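Observations on chain architecture
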Amino acid sequence: MSIPLLGYTPNSQNQRVEGYEVPSEDTPQPYRLTPTSEVPDIDAIIWAGYRQIFSEHLILKRHRQPFLESQLRNRAITVRDFIRGLGKTEVYWELVGETNSNYRLVDITLKRFLGRASYGKDEEIAWSIIIATKGLHGFIDTLLDSEEYLSNFGNDIVPYQRRRFKDRPFNLVNPRYDADYRNRLLGQYLSGRTFYQAVRTGESVQRGVREAIPDTFLSMAASISPGGMNYQRSSDRARNYISSVKLPETSKQVTETTVKPTEVALPYRYIPGNKTT
């Protein structure tokens, strides 16, 4: 027997207030599947779903779901079913479910599936009980079958952040995991040691590697050098030969040119080089 959802009081978030601001670049642009949507439109809807649920601007190839994409392209499922399928994949569990506590899992899932943050700790506790009793898949089914989801997105719209008046988008302020998971990873790395001991151990390992590099390099160089050739002797022989070769004189010699005196037909006798009076 499942435990019913506990009651919680909604607070006045932006998405619960009618907006009167002038449309700008922060105004959400819904991705909607219509009967006249063509192939480029469906491609845009698929990538918008990936970005919204997986919160990745560049989707990895191994994160893609070809089966869900094919069903959506063939109109075998709706956009809501596509979003439901993405939430139940192993990728979402690895990125979000496994790395967060139930409370933070509730907050992130509400932001990605309902387009809003949680109303506070009371709502996080209420939904965490659903996760504990129905699991992550049951939690996602409850969200997508809720009146809030159907009234805002229906069957044909990709979820989006419904109101963003001044804050940054959810995917820019919410890291994939928080300090709890980071401390868990640190504990696995330390393995019962202090941080100082782990650092000293790493330094000793690096020191041993550095000490082994010369011998390793010399043995490697000796193994790949061609046999029957002494490079040092060949280098000395070539150097001695170059130093003993006499290079021809290539400098340009300058020779003096002389002008012989010649007679010039002038009214008077003038011979160049002779003094005249």
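All values derive from a computational prediction rather than experimental measurement. Residue positions are counted from 1 within each chain, in the order its sequence is given. Local features in this predicted model are restricted to residues whose pLDDT is 70 or higher, and side-chain atom pairs enter the listing and the counts only when it is 80 or higher, whereas totals over whole chains, interfaces and linings include all residues. As a rule here, side-chain values come from all non-hydrogen atoms in the structure, and water together with hydrogens is ignored.

**Comments concerning helix 5 (residues 102–113)**
Stated formally: Strands are runs of DSSP state E lasting at least two residues, helices are runs of H or I lasting at least four, and both sets are numbered from the N terminus onward. Given a helix with a known number of residues, its expected span is that number minus one, times 1.5 Å. Think of it in three bands: with a 1.4 Å probe and only protein chains considered, a residue is buried below 20% of the maximum accessible area for its type, exposed above 50%, and partly exposed in between.
The end-to-end C-alpha distance of helix 5 is 16 Å, a good match for the 16 Å that 12 residues give at a rise of 1.5 Å each. Most of helix 5 is tucked away, with 10 of its 12 residues classed as buried. Every buried residue belonging to helix 5 is among Arg 104, Leu 105, Val 106, Asp 107, Ile 108, Thr 109, Leu 110, Lys 111, Arg 112 and Phe 113, and all of these are buried. Just beyond helix 5, the residue with positive phi is Gly 115, at close to 75 degrees.

**What to know about the packing of helix 2 (residues 66–73) against helix 3 (residues 79–87)**
For clarity, the cut-off: An axis is simply a line fitted to the C-alpha atoms; with a helix, the fit covers only the stretch in contact. Between two such axes, the angle follows the N-to-C directions and lies from 0 to 180 degrees. Working rule for angles: under 35 degrees goes down as roughly parallel, over 145 as roughly antiparallel, 65 to 115 as roughly perpendicular, anything else as oblique. Contact definition: two residues touch when any of their heavy atoms are within 4.5 Å. When residue character is reported, Ala, Val, Leu, Ile, Met, Phe, Trp, Tyr, Cys and Pro are called nonpolar, Asp, Glu, Lys and Arg charged, and the others, Gly included, polar.
Two numbers describe how helix 2 lies on helix 3: the axes approach to 10 Å, and their chain directions differ by 175 degrees. By the criterion of interaxial angle, the relationship of helix 2 to helix 3 is roughly antiparallel. Residue-level inspection shows Leu 68, Glu 69 and Leu 72 of helix 2 in contact with helix 3, the latter providing Val 79, Phe 82, Gly 85 and Leu 86. Along the lines of polarity and charge, the residues of the contact of helix 2 with helix 3 split into 5 nonpolar, 1 polar and 1 charged.

**Considerations on unusual backbone geometry**
With a phi close to 60 degrees, Arg 75 is a non-glycine residue in the positive phi region. Looking at the secondary structure, you find Arg 75 in the loop between helix 2 and helix 3.

**Some remarks on the confidence of the model for the protein chain**
Quick reminder of the rule: The predictor attaches a confidence to each residue, and that confidence, scored 0 to 100, is pLDDT.
For the protein chain, per-residue confidence averages 76 on the pLDDT scale, and 56% of positions sit at 70 or higher. Element-level pLDDT for the protein chain is lowest in helix 10 (residues 195–224), with a mean of 57, against a maximum mean of 96 in helix 3.

**Observations concerning the packing of aromatic side chains**
The way to describe two aromatic rings as a pair is by their centre distance and the angle between their planes. Defined as follows: Two rings from Phe, Tyr or Trp (for Trp, the six-membered ring) form a pair when their centres sit within 6.5 Å of each other. Planes less than 30 degrees apart are called stacked, planes more than 60 degrees apart edge-to-face, and all others tilted. Charges are assigned to positions over rings by a cutoff of 6 Å between ring centre and Lys NZ or Arg CZ, combined with an angular limit of 35 degrees from the ring normal.
One pass over the full model with this rule turns up 7 aromatic pairs. Seen in terms of ring centroids, Tyr 92 and Phe 113 are 5.8 Å apart; in terms of plane orientation they differ by 90 degrees. Their pairing is edge-to-face. In this pair, Tyr 92 sits in helix 4 (residues 90–97) while Phe 113 sits in helix 5, placing the two residues 21 residues apart along the sequence. Note on accessibility: Tyr 92 and Phe 113 belong to one class, buried. Among the aromatic side chains, those forming a connected cluster through ring pairs are Trp 47, Tyr 50, Phe 54 and Phe 82. Over the face of the ring belonging to Tyr 119 we find Arg 116, whose NZ or CZ atom lies 4.0 Å from the ring centre.

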